[in-house]
Amino acid sequence: MKTAILVDGGYYRKLAKHHAGEKSPEERAKELIQYCKFHLRNRDSYTLENGRRVYDYSELYRIFYYDCEPVDKKVFHPLLQKTIDLSKQPTYKWTKDFLEQLKQKRKVAIRLGFLAAEEASYSLNQQTVKKLFRKEISIDDVTMENFQLSMKQKGVDMKIGVDIASLAFKKQVDQIILIAGDSDFVPAAKLARREGIDFILDPMGNNINAELFEHIDGLRTYYSKLKNIESDTNISEEN
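In this text, all values refer to a predicted model and were calculated from it rather than measured experimentally.

Undergrad: Pulling in residues and values, what's your account of the pairing of strand E11 (residues 175–179)?
TA: Across the five residues that make up E11, a large majority, five, are buried. Judged by which residues are buried, E11 turns out to be covered on both faces: Gln175, Ile177 and Ile179 on one side and Ile176 and Leu178 on the other are all buried. Pairing analysis gives five bridges linking strand E1 (residues 2–8) to E11, with the strands arranged parallel. What sits directly across from valine 7, in E11, is isoleucine 179. Bridging between E11 and strand E12 (residues 198–202) involves five bridges; their strand directions are parallel.

So, in structure tokens, the structure goes:
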């Protein structure tokens, strides 16, 4: 079986950070490759060697990674009452280095959308807003940690949908693994299944829209392995 793995980058980075903590760009890139390759393990096909299961693996067609370049815009911060240069923030360099690391990986195709920089703004996160209105905290208790930078991705979902359609129509793969959690991909998933593609979703432990279950062939995730992913020696990065 030939498998393509499609990764919603912003979604993956957020969940990987939640489950496995902060990592350097090089470590996170290596982690991503290894995580994707867990999906190549065919759990229904194995041989017994000395009483131990040795699994067969699907052939990796390619890992498609979808994300956005960081922006170098200056954005006003309401708490500091001054503009913040995003190009000088640690996140900017980290994201640049992370994308460069992925570009060097074998069988990885990067698809970049863009961030709507003109709409960028700092706003209070949802949890802080709730506490303010419940009067659990006052405005004087608000710190930098209570703010989040909001920017919308543009073009990423469209690129994922187009690639799913292309892979299905051209019969380039037998299976598509989608690492994401958005129900926007339902039309593309339906199309792929009509073309005979085995379509698997990995939401990395998040709950998904009930509508998605009707239009996928399986739900599979390995997020619990993220913390110990470097200790997995069964899957080589060179494969």
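Anyway, onward from the coordinates.
Undergrad: Tell me about helix H2 (residues 25–38), and please be specific about residues and values.
TA: For H2, with 14 residues, the first-to-last C-alpha span of 20 Å sits near the 20 Å given by 1.5 Å per residue. Burial of H2 is extensive: eleven of the 14 residues sit out of reach of the surface.

Undergrad: Break down the nonpolar core for me, with residues and values.
TA: Leu6, Ile160, Ile164, Ile176, Leu178 and Phe199 are the most contacted members of the largest nonpolar core, which has 38 residues in total. At the level of elements, E1, strand E4 (59–68), strand E7 (108–115), helix H5 (156–169), E11, helix H6 (186–194) and E12 are the ones that each hand at least two residues to this core. Ranked by residue count, the leading element in this core is H5, at six residues. Setting aside residues no more than four positions away along its own chain, isoleucine 160 makes contact with Leu6, Asp8, Tyr66, Leu178 and Phe185. Among the nonpolar cores identified, the runner-up in size contains 28 residues, and Val7, Ile33, Cys36 and Leu99 belong to it.

Undergrad: Which residues make up the packing of helix H1 (residues 9–20) against H2, and what values go with them?
TA: Contact geometry for H1 and H2: axes closest at 12 Å, N-to-C directions at 100°. In terms of axis orientation, H1 runs roughly perpendicular to H2. Contacts between H1 and H2 involve Tyr12, Ala16, Lys17 and Ala20 from the former and Arg28, Glu31, Leu32 and Tyr35 from the latter. When the residues that make up the contact of H1 with H2 are grouped by side-chain class, the tally is five nonpolar, no polar and three charged.

Undergrad: Please give an account of a nonpolar patch on the surface that cites residues and values.
TA: A cluster of nonpolar side chains, contributed by Leu79, Leu80 and Met144, occupies part of the molecular surface with about 230 Å² of accessible area. In this fold, methionine 144 is placed in the loop between helix H4 (126–133) and strand E9 (147–150). Residue class for methionine 144 comes out partly exposed when judged on its relative accessible area of 42%.

Undergrad: Can you break down the pattern of salt bridges residue by residue, with the values?
TA: Applying the stated criterion across every chain yields a total of twelve salt bridges. With a shortest N-O distance of 2.9 Å, aspartate 67 and arginine 13 are connected by a salt bridge. In this pair, aspartate 67 is assigned in strand E4 and arginine 13 in helix H1, connecting sequence segments 54 residues apart. Arginine 13 sits in the partly exposed class, given a relative accessible area of 21%. One connected set of salt bridges, linked through shared partners, spans Lys23, Arg28 and Glu31.

Undergrad: Talk me through the packing of H2 against helix H3 (residues 90–103); I want residue IDs and the actual numbers.
TA: With their axes 8 Å apart at the nearest point, H2 and H3 run at an angle of 45° to one another. One finds that H2 runs oblique with respect to H3. When you trace H2 past H3, the crossing you get is right-handed. For the pair formed by H2 and H3, the contact residues are Pro25, Glu26, Arg28, Ala29, Leu32 and Ile33 on the first element and Trp94, Asp97, Phe98, Gln101 and Leu102 on the second. A per-class count over the contact of H2 with H3 returns seven nonpolar, one polar and three charged.

Procedures and definitions
- Residues numbered from 1 in each chain as written.
- Predicted model: local features only at pLDDT ≥ 70, side-chain atom pairs only at ≥ 80, totals over all residues.
- Heavy atoms only, no water.
- Buried < 20%, exposed > 50% of the residue type's maximum accessible area, 1.4 Å probe, protein only.
- Helix = DSSP H or I, 4+ residues; strand = E, 2+ residues; numbered from the N terminus.
- Pairing = 2+ DSSP bridges.
- Expected span 1.5 Å × (residues − 1).
- Core = buried A, V, L, I, M, F, W, Y, C linked by side-chain atoms within 4.5 Å.
- Contact = heavy atoms within 4.5 Å.
- Axes fitted to C-alpha atoms, helices over the stretch in contact; angles between N-to-C directions.
- Parallel < 35°, antiparallel > 145°, perpendicular 65-115°, else oblique.
- Nonpolar A, V, L, I, M, F, W, Y, C, P; charged D, E, K, R; others polar.
- Patch = residues over 30% accessible without salt bridge, like charges linked within 9 Å, V, L, I, M, F, W, Y side chains within 5 Å.
- Areas by Shrake-Rupley, 256 points an atom, 1.4 Å probe, with all protein chains shown as cover.
- Salt bridge = Lys/Arg side-chain N within 4 Å of Asp/Glu carboxyl O.
- Left-handed = near helix turned anticlockwise from the far one by under 90°.

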